[in-house]
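Examining the three-dimensional arrangement
So the chains spell out like this:
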Amino acid sequence: NHLFTNNSAENNIRIRNVNYFKQNNFNKFEFGFETKYNFSKFDVLYEAWEDNYGNPTPRLYVNKKLGTAKFAIFAQHQLKFTENLNFEYGVRADYFEYNDHLNFSPRLSISYNLNNGINLSASAGIFTQEIPENFLIQNDEFKNLKTPISNHLIFGISKMLGESTKLSVEAY
């Protein structure tokens, strides 16, 4: 007896465009867009079960079609203050048609290259990721769930050990 049977057909069409523009040796830009169209048929059976603590989970059968789109635009600017000091900042905006969510994700980073091949870096940003469609489609109320948001703060140090080998240590 299976706890889970999945006969779904998930289909996506994705288009991504990334553009690069180098204004000069100190200013570089990256910008673009991304779109994804999901046209899927979910046919999933979750059998009833009970966890180790005696909590029951009822049987759930999902048999729904989904046609929805995601859109995103993004831009980033890399500013080289000196030969060793770089600063980057950017933003990404995502829109998910299915639950009408619009999310903004700003980010920035700074890095300094020491003369001995060691690079010190710090980054910060807000990152979002929509709840997967195969979960959202299980219940119409799930459209009201908030998009998970993660605030990242990262400090790192790296060293080139050879021409194609780098050792990195990061703290999140």
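For the structure itself, consult the block above.
Residues numbered from 1 in each chain as written. Predicted model: local features only at pLDDT ≥ 70, side-chain atom pairs only at ≥ 80, totals over all residues. Heavy atoms only, no water.

**Remarks on the overall build of the protein**
For clarity, the threshold we go by: Only DSSP runs of H or I with at least four residues qualify as helices, and only runs of E with at least two residues qualify as strands; both kinds are numbered from the N terminus onward. With C-alpha atoms as the basis for the radius of gyration, the globule rule is written as 2.2 Å multiplied by the number of residues raised to the power 0.38. Burial classification: accessible surface area is computed with a 1.4 Å probe over protein chains only, and a residue below 20% of its type maximum counts as buried, one above 50% as exposed, and the rest as partly exposed. Here the accessible surface of atoms and residues is derived via Shrake-Rupley with a 1.4 Å probe, and residues count as covered only by protein chains that are part of the display. For this count, His and the chain ends are skipped, Lys and Arg are scored as positive, and Asp and Glu as negative. Note on charges: their place is set at NZ of Lys, CZ of Arg, CG of Asp or CD of Glu.
A count of helical and extended segments in the protein gives one helix and eleven strands. Start at the N end of the protein and walk to the C end: the helices and strands fall as β-β-β-β-β-β-β-β-β-α-β-β. Taking 172 residues into account, the globule formula puts the C-alpha radius of gyration at 16 Å, and the protein, at 22 Å, lies well above it. Along the first, second and third principal axes, the C-alpha atoms of the protein reach 65 × 35 × 30 Å. Looking at the protein as a whole, 23% of its 172 residues are labelled buried. Of the roughly 12100 Å² of accessible surface on the protein, a fraction of 56% belongs to carbon and sulfur atoms. For the protein, the centre of its 17 positive side-chain charges and the centre of its 18 negative side-chain charges are spaced 6 Å apart.

**Some points on the pairing of strand 3 (residues 27-46)**
Operational definition: Strands qualify as paired when DSSP identifies two bridges or more between them.
Strand direction decides the pairing type here: strand 1 (residues 4-6) and strand 3, joined by three bridges, are antiparallel. The residue of strand 3 that forms the bridge with Thr5 is Leu45. When strand 2 (residues 12-24) meets strand 3, the two strands line up antiparallel, connected through twelve bridges. Within strand 3, the position partnered with Arg16 by the bridge is Glu34. Two successive antiparallel strands, strand 2 and strand 3, enclose a turn made up of two residues. For strand 3 and strand 6 (residues 60-80), the ladder comprises 20 bridges, and the chain directions are antiparallel. The partner of Gly32 across the bridge, within strand 6, is Phe74.

**Here we look at the nonpolar core**
For clarity, the cut-off: Residues enter a nonpolar core if they are buried and are Ala, Val, Leu, Ile, Met, Phe, Trp, Tyr or Cys, with the set joined through side-chain atoms within 4.5 Å. By definition, residues are in contact when any of their heavy atoms lie within 4.5 Å.
Membership of the largest hydrophobic core is limited to eight residues, which are Phe42, Val62, Leu66, Phe96, Tyr98, Ile131, Leu136 and Ile137. Not counting the four nearest positions on each side in its chain, Phe42 is found in contact with Ser8, Glu10, Val62, Asn63, Lys64, Leu66, Glu133, Asn134 and Ile137.

**So, the layout of surface pockets**
Threshold: We place a 1 Å grid over just the protein atoms. Points where a 1.4 Å probe fits but has no way out form a cavity, open points with protein on both sides within 12 Å along at least 5 of 7 lines form a pocket, and any residue with an atom within 4 Å of a point lines it. Grid points are joined across faces, edges and corners, and a volume is the space filled by probe spheres set on the points. Gly counts as polar in this scheme, as do all residues outside two lists: the nonpolar Ala, Val, Leu, Ile, Met, Phe, Trp, Tyr, Cys and Pro, and the charged Asp, Glu, Lys and Arg.
The space that makes up the largest pocket amounts to roughly 380 Å³. Residue lining of the largest pocket: 20 residues in total, with Lys70, Arg92, Asp94, Gln129 and Glu130 positioned closest to the centre. Elements represented by at least two residues in the lining of the largest pocket include exactly strand 3, strand 6, strand 7 (85-96), strand 8 (101-113) and strand 9 (118-128). Considering each element in turn, the lining of the largest pocket owes the most residues, four residues, to strand 7. For the lining of the largest pocket, the class distribution of residues is six nonpolar, five polar and nine charged. Lining the second largest pocket are 21 residues, and of these Asn119, Ser121, Ser158, Lys166 and Glu170 lie nearest its centre. When residues of the lining of the second largest pocket are traced back to their parent elements, those giving at least two are strand 7, strand 8, strand 9, strand 10 (149-160) and strand 11 (166-171). With six residues, the top contributor of residues to the lining of the second largest pocket is strand 10. Tallied by class, the residues present in the lining of the second largest pocket amount to six nonpolar, eleven polar and four charged.

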